[in-house]
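Architecture at a glance
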Amino acid sequence: MSATVDFTQLVMAAGDAIVVSDAQGAITVWNPAAERMFGFAESEALGQSLDIIIPERQRQRHWDGYANTMRTGQTRYGSDVLRVPALHKDGHALSIAFTVALLTAPDGTVTGIVAIIRDESSRWAEERKLRRRLSELESASQ
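In short, a report on the structure. (Residues numbered from 1 in each chain as written. Predicted model: local features only at pLDDT ≥ 70, side-chain atom pairs only at ≥ 80, totals over all residues. Heavy atoms only, no water.)

Take the overall build of the protein next. Counting its secondary structure elements, the protein contains five helices and five strands. Its helices and strands taken in sequence order, the protein reads α-β-β-α-α-α-β-β-β-α from the N to the C terminus. Counting only contacts in the protein whose residues sit at least 6 apart along the sequence, the fraction spanning at least 24 positions is 42%. Across the protein, the centroid of the 15 positively charged side chains sits 8 Å from that of the 18 negatively charged ones. (Helix = DSSP H or I, 4+ residues; strand = E, 2+ residues; numbered from the N terminus. Contact = heavy atoms within 4.5 Å. Lys, Arg positive; Asp, Glu negative; His and termini not counted. Charge placed at Lys NZ, Arg CZ, Asp CG, Glu CD.)

Let us look at helix H4 (residues 59-72). Taking 1.5 Å per residue as the helical rise, H4 with its 14 residues ought to reach 20 Å, and the 20 Å between its terminal C-alpha atoms agrees with that figure. Every buried residue belonging to H4 is among Tyr 66, Thr 69 and Met 70, and all of these are buried. Each buried residue of H4 lies within a common arc of 100 degrees when the element is viewed along its axis, so the set occupies one face. Residues Gln 60, Arg 61 and Arg 71 are exposed on H4 and point more than 90 degrees away from its buried face. (Expected span 1.5 Å × (residues − 1). Buried < 20%, exposed > 50% of the residue type's maximum accessible area, 1.4 Å probe, protein only. Arc of directions from axis to C-beta.)

In the structure shown here, the tally under the stated rule is two aromatic pairs. Ring geometry for Trp 63 and Tyr 66: centres 5.2 Å apart, planes at 65 degrees, overall edge-to-face. With a gap of three residues between them, Trp 63 and Tyr 66 both fall in helix H4, about one helical turn apart. Using a relative accessible area of 7% as the deciding quantity, one classes Tyr 66 as buried. (Phe/Tyr/Trp six-rings, centres within 6.5 Å; stacked < 30°, edge-to-face > 60°.)

Membership of the largest hydrophobic core comes to 26 residues, with the highest contact counts inside it found for Trp 30, Phe 38, Ile 96 and Ile 117. If you list the elements that add at least two residues to this core, you get strand S1 (17-22), strand S2 (27-30), helix H2 (32-38), H4, strand S4 (93-104) and strand S5 (110-119). Not counting the four nearest positions on each side in its chain, Ile 96 is found in contact with Met 37, Phe 38, Leu 82, Arg 83, Val 84, Ala 86, Ile 117, Arg 118, Asp 119 and Glu 120. (Core = buried A, V, L, I, M, F, W, Y, C linked by side-chain atoms within 4.5 Å.)

The volume enclosed by the largest pocket comes to roughly 780 Å³. What lines the largest pocket is a set of 29 residues, and nearest its centre among them are His 62, Tyr 66, Tyr 77, Leu 82 and Phe 98. Secondary-structure elements contributing two or more residues to the lining of the largest pocket are S1, H4, strand S3 (82-87), S4 and S5. The dominant element in the lining of the largest pocket, judged by the number of residues it contributes, is H4, at seven residues. Taken together, the residues of the lining of the largest pocket break down into 18 nonpolar, eight polar and three charged. (1 Å grid on protein atoms, 1.4 Å probe; cavity = no way out; pocket = protein on both sides within 12 Å on 5 of 7 lines; lining within 4 Å. Points joined across faces, edges and corners; volume = space filled by probe spheres on them. Nonpolar A, V, L, I, M, F, W, Y, C, P; charged D, E, K, R; others polar.)

What follows deals with the sheet that holds S5. Taken in spatial order, the five strands line up as S2-S1-S5-S4-S3 in an open sheet, and their pairing is antiparallel. Lying at the two open borders of the sheet, with one neighbouring strand each, are S2 and S3. Across the sheet, the mean angle from the axis of one strand to that of its neighbour is 35 degrees, orientation sign disregarded. Along the sheet face, H4 touches S1, S3, S4 and S5 and points at about 135 degrees away from the line of S5. (Pairing = 2+ DSSP bridges. Axes fitted to C-alpha atoms, helices over the stretch in contact; angles between N-to-C directions.)

As enumerated under the stated definition, the model contains five salt bridges in all. Residue Arg 118 pairs with Asp 16 through a salt bridge whose shortest N-O separation is 2.9 Å. Of this pair, Arg 118 sits in strand S5 while Asp 16 is found in the loop between helix H1 (7-13) and S1, placing the two residues 102 residues apart along the sequence. Exposure remark for Arg 118: the relative accessible area of 46% places this residue in the partly exposed category. One salt-bridge network, held together by shared partners, links Asp 51, Glu 56 and Arg 59. (Salt bridge = Lys/Arg side-chain N within 4 Å of Asp/Glu carboxyl O.)

Everything listed here is a matter of coordinates, which is why it stays silent on function.
Structure follows, in structure tokens:
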């Protein structure tokens, strides 16, 4: 039996942030999980540049990669998870992990990117704490 999927409902119900941006990097979809993660309401995010969640020091690298993906239609982050810093609306740093999917026109031209994003700030902080503790224990044993 085949079930019909309501894709709007799927995006709205997803626990991970789903952010879609057009070929120029303007946000066109921003689900409730993205609101919770980044602090921007959908009305604040739609139409804005992805710069609202990209730390200043990461922007050039991000846009270079974005332009390359738009030009070539290829990304390694469809299956490889990308872990990068991000920004919350209030300015605090986040550690996020995400994969992307490319949206294309019938002629194959890339028209946008879908990012499925998870906040890994707590996990990253815990790993940093564990690495620090391991280093302390190794130093003490020597």
